[in-house]
Structure formats: C-alpha cells, structure tokens
Amino acid sequence: MRQKIAISGIGGQGVLFLTRILAEAALFQNEEVITSEIHGMAMRGGSVISHLKVGGFRGPLIRPGEVDVLFFLEEGNLSAHSYFLKNEGVAYVNTMKPGNYRSIEATKIAIEIGTPLVANLVLLGYALGEKSLFCSEESINFVLEKISPRDQLKINQRALMMGIKRSGNTRAIR
Amino acid sequence: MEQGTYKILMGNEAIARGLIENGCSVAASYPGTPASEILSSLAQMAKEEEVKMHLEWSINEKAAFEISLSNSYLGSRSAVSMKQVGLNVALDSLMSAAYSGVRGGFIVVSADDPGPYSSQTEQDSRFLAMFAKIPVFDPSSPQEAKEMVGEAFALSEEFEIPVMLRPTTRVCHARQNLFCYGIQKRDVPVSFRRDPNRWAATPRFRYFLHRELNKKLERIAVKNFYLPIRKPTHPFAKNGCILASGVAFAHVYDLLEELDLLDQISLYQIKIPYPLSKEFLEDLSSTYDEILILEETYPVIELQMVDRRKVMGKLNKFVPEEGELSPEIIRDLLVKFLNLPQESQKPITKGMEKGPTLCPGCPHRASFFAIREALPHAIYPSDIGCYTLGLNLKAVDTVLCMGASINQASGFYHSFALQNEGIPTIVVTIGDSTFYHAGITGLINSVLHKARFILVIMDNFTTAMTGNQATPEIGLLADGSQGFPIRLRDLITACGIRFLKEVDPYSIHELISHLKEAEKYCSSPEGGVAVIIANHPCVLEKKVLREQKRYQMEVSDTCTGCGYCLENFECPAIIMNTSLERVEIDKNLCIGCGVCREVCPLGAITIMGGQ
C-alpha cells in the first residue's frame, strides 16, 4: 500500500518519535519507507512537520495537497500546515474543537494517564482504530515494545489503547 | 559469510553504519545541524558492536580534520564529519591535504543545508571540493549515502586523495529501510612512512604535488560518466534530457513516475558531480537539444559544461538560484521544461508557523533578561547556538559565524574609540562550546589590543543546540569515558582577564549587579575586557531537571495583564488568559525554575505558599 503521511507539531511534542514508530511499523510489514524530519533550531518550541512515505518512493518530501493522513499534535498548526492535505485526505487533530477533521483531546487524555508527552500515541491510536493507516495495530504494538525506553513502555501502550478505544465515538463531522 | 539485516536508519546513522562496515578506525567531528548524529551514532554503534575506534568530538572542525587525516597518513581508514560552514573552519587543512594526498582512505563528510534550515548560509560544499580539487559524492538517499561511503574509501585509496561525501539535510534527516551488513572486525596496523617531500613539502615540491593532483583528477574524471537511468522507449516530443544529483534526483524520479514519463525522457543521476568526464559532457551537448540540470545549491555540474547554450539551469535563471529544490518547485520546472499542460491548482494558503523560543527554565533567558535590565542601551554582539534565540528578547544585535562575537565587540570598540562622541557599552553573549571552538582566540586578541567590553559566557556545560554533546569543561569524551577537563575559569584567567565573576543567572539581581560593576570597570582608567561566566546547566538534561529545585509558581490578583513578562521574558510556560485579562502558568510546560518571580514589576508572580 502506498501512503503519504505527515506529522505536524511543536518541537518537544514527540513528532520525531511518532515518525519513527510509523517508519519502524513499515519495516515490520516489509514495506519500503522514507521519512523526512526537521532537527536543530526549529526543535526549540517552533512549528515542525515531518513527512513519511510508504511504498517505494525515492524522495522523502510530500508536495502540498498530496498528504493522505495528516496528524496535528498542535491545533495551532492547522493554519500553517493544512495546505499539505489532499482534498480527500484525513486530518487527525489533538483538540476538543470540532471541525473539518477527526478530533480527539489527546493531550487531556494523556495527562489523565500520567504525562502530556504521550498525546502523540493517543492520536496515533485513534487513527489506527479508524483503520486510516497503512499499518496494523499489531505492527505498532511490536514497534512500541522494540523502541520504547523500558520505563515508558507501559504508559506508551496505555496511551495507544486509549486512542484506539476512543475511535469511532467522538463528535467528528467527517 | 557476512550476515545482514534490514533496519530503519536516519541518513546520518546510515553514513555512520557505512563507515563502521567499511573499517573506518578514526572519526572526528564538531557538532552542527544537519551533521551531528553521524559521530554520536558511530559512538553508539562502536560500543554495541564492540569495534575499537578512536572517536572524538573535537574542539572545532579544523582539529577534527587534522586528527582524522593523521590516521590516514598512517595507512588506516578515517573520516571527519561536519556541517557545511564547519568546512570553512577546516578549509585550510583541506586545501593542503589535497596536495599531500592520503594513504588510508579519507572521507570528508560535509553536510549542506539548502533552505537553509539551521545555518547562516546555504553554501554548496561541492564547490569547496572543486576548489580544493577533490572528488565529491552526492547521495540522493540514506541508502545511497551508506553505499557511497564504501565507494569513497575505495576511490580515496586508489588515488591517494581525500574524497568528499556531501549529503544535504534531506538525506541526513531522512529515515529509510536499508540493508546493513554484518560488521567484520579488522586490525589495520598503522605505520609512519617517512617522506618529507610529500608530508612536509616546501613550496618547490608543492608545485610537483599540484601537478600530481591535477593528473589524479584527470584520471578520476575520465571514468566519471553516466548512462541514462532508463532508455526512453516512447521518446518524448522534445529531444531533451535531465541531469540531477543529490536529493533533487529522488524528487524528479518520483515526479516523472507520477506523471508516467519515466520511459519518455533521458534521466541521468550524477553521483559524483566533480570531476566530470569532458567526453560525457560534450556527448550530452551533441546528443540533446535541451538539458535541464537540477542540483543543490550552486551550479557545480552546470559550470563544468563547456557548451552551456542548451542548458536550462541556474545560470540562465531557469532554475531558482537560492533555496531548496523542493518537489513542488521541481514539478513546476518539469511542466515548463517538457511543455506539459498546466493543471489548475487550488491556491495554497500558508498560515504563520510558530517560531522557536528558548525552553521553559532555560538559563539563557534569565541572562538575557538581566542584560536588558542592567544595560538597556548597549550593543549586543552574539554568536551561534541556542542563545541566538536571544533575538526574540531583543538582546542579540549581530550573529556572524562561530566565535565572531568577541572580535566584533573588539572591532566596534576600536571604531567608536576613534571618535570623541563617547563609547557605547558593548555586551557580548557567547556559549561555552562556541567559546572553546573559536571564541578564545578572539579574547586573546581583544586583551592584547586593549579593547573594552563585557563578555558574558553563557556556560550551560553542554552543546545544547545540536544534541547536548559535552564540552571541554566537563571533559566527557565521545565514548562516554572521562578525559582531562579544561576549566573555563583557568583559560580566561590565562588570557589576562582582570575582571572575572561567576554567577548563576537564575539569580537575576546578582547578575544585574555584576553587569553594572562590569560596565564601570570597562570605562575606568585601568579597564579592559570584563568577563562574567553565567553558569547554570542546560535544563534539557534529564539529570539536571531531576536534581534542580522545582518551585510551584502562581500568579496573584495583582497581575494587571500588562504583558511585560510576555514581551520581555517570553517564557513558553507563561501564557495570557484573555478572558481573565491576566497571565497564568502552564503547569505542563513550567519546570519550576522560579526565575519569573524576579521579572514581574508588580511582583504578581510568586512561589506558591510564599517565599
């Protein structure tokens, strides 16, 4: 399956970790994958976006209007990065505000679990539950076990589960 | 038999993996985006695979270059890695090493940053390869970067010449599934072969070395020609071809595939953009009517074309001369070059991105606030690092390149001193790692020439911007072992500084009083350079965060919502509550440093429970 995914957030929110999980999931499923990330100055609390392309692409970047699934860890980035989304693409947004996207209060749920840092996994779980991604729940769980720091594995798994559970029953327009 | 496995590796990890798979025994670097992870990954891989290597974060790129080159002189494979502007620092060594040549394979990894995203220039290191007269590889992906390491070592050894590998940000910070070979442990005995006519050549012998170098280049160039990726089966109406190198090749390949044109136009990937075979270039000119050249960031391939009348490139402004060649730009170029029908695109509206800021609790923020409070009318030369973000706090006036701030302060002082109008206060800010890298020479020069300014060394015991590499002050080495620490205080004293204070910038009032005292010292008859070391460890280090006192902050009713703290302190954890018309603390972001209690003019930000 060919899929173009982008992850938008603020430096420090776990954009890179989420990108890595998806890339490792592609490897687990024997799919070719290439990603592009932003490091350096922008990581200091600035807007960042990473790209991920599954299924035999050579270049790591996605053109505006070509993203199939776009994750927004920060709703403040909606105006800055929505132009990447395809007309028929879907955005998953960490927010309580309804809009022309799938919404989930990922940070709130993450704080309830113990740390806002796992909001990225709640959001991922939600998209996974809705079957919007190239990868299976099994692949993501395998990857979490492989790359999570030992002391964070449990909370990571929990965050993913919370997202999956919430899929399909939030007030979303689309 | 070698065993192997598929892994997801970042471009920089792929380069490191390539180095270790190909028997590199010494690698050195100075951190800089986008190259930093090459050496840190090497250190980790060497540890995991139990491979004996000498790896170091050198004090600057020149030192790193010379350390690695020496290992090559002794016959063993070596590499030096840095960001493109780092190569400027090591250029003196590179130019000369090209003449003397090498023995063990020697790779110079210089990572470019078209855009630019994290650099002061978007210079093209391939030009420096051309200037130094050495061959350069231009990978289009992490996989290719890894493969090219092996090819570069082989080329370097065959011709006894330094070889450059030039990845760009989009290769360094791409991740890809790629095949990793097992690592063979090998022992390469090193030996010194005395040959003063080569290793210590005087100008007369340098002439001969230059002639030899030119011959090497000619021999390399002859072999450096290409065939199109695919032979066009349904030739396009136009008899044209596309030459692409680096990540621009990957983009154009994907686009041609998307447009179903892969079999209709001759596409060449130029893997070694310099030196190119003359016959190859002449052949292109005689075969095709139009040649599109896609390369980042300067026209290196293009300038080697003798006949440029058929070339569509940067020189005739067909291709943009600055910035990254993104897939959207390349798409537009293809549409123009191939006369494709313009598809109607929905207009793109890009909202503002959030700019970067210093982290909550960052000691630099406290230093900048104190500087602005104590000496609001000063000139503020600054330098390269996280603290460049002091721009947001209006406490940074100039940023040139690594270590320049101190010389700039000195220069400003001498110019003002020529007039009778009075000399403004000058406050330099520079980080500890940058000070060791290229700041200390400026300090020695300033003292010698009787300059007067205040130098605030923002000592956070780390190289924070690039991933927290240890500084000489700590003395931790790349492999995690302990070296001999070089104390900042001792160095500064040795430079002849007579005004030296150390202070924790979290105590703003203390730093303010030192700054005022320093200003008096600078203008006193015996005055000179006043140095204040503002030391507090970087809060990105988990250990620091765990051990440092954590205050619960609150905002009292006294807050009028004037916005003074937002404007002048800019802590991400202090946010305006527009409905209450006063600020509040974002508990998720606040690390409880407590510095903000010294910031509010009304004293409305306090420690919970009072103190």
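On a predicted model such as this, the values are computed, not experimentally measured, just so you know.

A. Layout of the interface of chain A and chain B. Opposite the 40 residues of chain A that make contact, chain B presents 48 residues. Sorting the residues of chain A by area buried against chain B places Arg44, Arg58 and Arg63 of chain A first, and these three jointly supply 22% of that buried surface. Arg175 of chain B is paired through a salt bridge with Glu37 of chain A; the nearest N and O atoms lie 2.5 Å apart. Along the contact surface separating chain A from chain B lie 17 residue pairs in polar contact (both at pLDDT 80 or more). Those elements giving two or more residues to the side of chain A that touches chain B turn out to be strand E1 (3-10), helix H1 (15-28), strand E2 (33-36), strand E3 (47-54), helix H2 (78-81) and strand E5 (85-94) of chain A. In the side of chain A that touches chain B, the residues fall into 17 nonpolar, 12 polar and 11 charged. Sheet topology places E2 of chain A next to strand E8 (residues 174-181) of chain B; 3 bridges connect them, and they run antiparallel.

B. Representation of the confidence of the model for chain B within the structure. Overall, the prediction assigns chain B a mean pLDDT of 95, with 99% of residues at 70 or greater. Under the prediction, the complex receives an ipTM of 0.94, its pTM being 0.96.

C. Examining the sheet that holds strand E13 (residues 427-431) of chain B more closely. Residue and element names in this part refer to chain B. Reading across the sheet, the 4 strands line up as E13-E14-E18-E17 and stay open at both edges, with parallel pairing between neighbours. Of all the strands in the sheet, just E13 and strand E17 (499-503) have a single pairing partner and so form its edges. Going across the sheet, the axis of each strand differs from the next one's by a mean of 20°, ignoring polarity. Across 5 bridges, E17 lies against strand E18 (residues 530-535) in parallel orientation. Bridging from a neighbouring strand, Lys501 pairs with Ile532 of E18.

D. Representation of the pattern of salt bridges in the model. All names here are of chain B. In total, this model carries 33 salt bridges over all chains according to the counting rule given. Between Arg126 and Asp124 there is a salt bridge, and its shortest N-O distance comes to 2.8 Å. For the residue pair Arg126 and Asp124, the accessibility class agrees, reading buried in each case. The partner of Asp124 in a salt bridge is Arg166, and the shortest N-O contact between them spans 3.5 Å. With Asp124 in the loop between strand E5 (106-111) and helix H5 (125-132) and Arg166 in the loop between strand E7 (163-165) and helix H7 (169-172), this residue pair connects regions lying 42 residues apart in the sequence. On the basis of relative accessibility, which here comes to 1%, the residue Arg166 falls in the buried class. Via salt bridges that share partners, Asp112, Asp124, Arg126, Asp138, Arg166 and Glu295 belong to a single interconnected network.

E. Examining the nonpolar core more closely. All names here are of chain B. Counting 83 residues, the largest nonpolar core has Phe435, Leu455, Ile492 and Leu515 as its most contacted members. Counting residues per element, this core draws most heavily on helix H18 (residues 508-523), which supplies 7 residues. Apart from residues lying up to four places away in sequence, Ile492 is in contact with Phe435, Leu443, Ile457, Ile497, Leu500, Val531 and Ile533. Counting 80 residues, the second-largest nonpolar core is a separate cluster that includes Ile15, Met45, Leu55 and Phe106.

F. Representation of helix H1 (residues 11-21) of chain B within the structure. All names here are of chain B. The buried fraction of H1 amounts to 10 of the 11 residues, a majority that puts the element mostly inside the structure. Of the residues making up H1, those classed as buried are Gly11, Asn12, Ala14, Ile15, Ala16, Arg17, Gly18, Leu19, Ile20 and Glu21. Gly23, located one to two residues past H1, shows a positive phi value of around 75°.

G. Structural context of the sheet that holds E1 of chain A. Pairing within the open sheet is mixed, and its 8 strands lie in the order E6(A)-E5(A)-E4(A)-E1(A)-E3(A)-E2(A)-E8(B)-E1(B). Only two strands of the sheet have a single partner each, and these edge strands are strand E6 (102-104) of chain A together with strand E1 (4-10) of chain B. The average undirected angle you get between the axes of adjacent strands in this sheet is 20°. As paired strands, E1 of chain A and E3 of chain A are joined by 8 bridges and run antiparallel to one another. If you follow Ile7 of chain A over to E3 of chain A, its bridge partner there is Ser50 of chain A. Contacting strand E4 (67-72), E5 and E6 of chain A, helix H4 (residues 119-129) of chain A crosses the sheet at an angle of about 135° to E5 of chain A.

H. Representation of the pairing of E4 of chain A. All names here are of chain A. Of all 6 residues that make up E4, 6 are buried, and the element is covered over most of its length. Summarising the sheet, E1 and E4 pair through 4 bridges and their orientation is parallel. Opposite Ser8, over in E4, you have Phe72 as the bridge partner. For E4 and E5, the ladder comprises 5 bridges, and the chain directions are parallel. By the bridge assignment for E5, Leu70 is matched with Ala91.

I. Geometry of the packing of helix H4 (residues 84-100) of chain B against helix H9 (residues 203-223) of chain B. All names here are of chain B. Direction vectors running N to C along H4 and H9 enclose 80°, while the axes themselves pass 8 Å from each other. By the angle between their directions, the pair H4 and H9 is classed as roughly perpendicular. Along its contact with H4, which presents Ser96, Ala98, Tyr99 and Ser100, the element H9 presents Arg206, Leu209, His210 and Leu213. Per-class residue counts for the contact of H4 with H9 are 4 nonpolar, 3 polar and 1 charged.

Reading guide: rules and limits
Residues numbered from 1 in each chain as written. Chains lettered and ligands numbered in written order. Predicted model: local features only at pLDDT ≥ 70, side-chain atom pairs only at ≥ 80, totals over all residues. Heavy atoms only, no water. Contact = heavy atoms within 4.5 Å. Buried area = accessible area lost by both parts, 1.4 Å probe. Salt bridge = Lys/Arg side-chain N within 4 Å of Asp/Glu carboxyl O. Polar contact = N/O pair within 3.5 Å; in protein donor to acceptor, adjacent residues only side chain to side chain. Helix = DSSP H or I, 4+ residues; strand = E, 2+ residues; numbered from the N terminus. Nonpolar A, V, L, I, M, F, W, Y, C, P; charged D, E, K, R; others polar. Pairing = 2+ DSSP bridges. pLDDT = per-residue confidence, 0-100. Axes fitted to C-alpha atoms, helices over the stretch in contact; angles between N-to-C directions. Buried < 20%, exposed > 50% of the residue type's maximum accessible area, 1.4 Å probe, protein only. Core = buried A, V, L, I, M, F, W, Y, C linked by side-chain atoms within 4.5 Å. Parallel < 35°, antiparallel > 145°, perpendicular 65-115°, else oblique.

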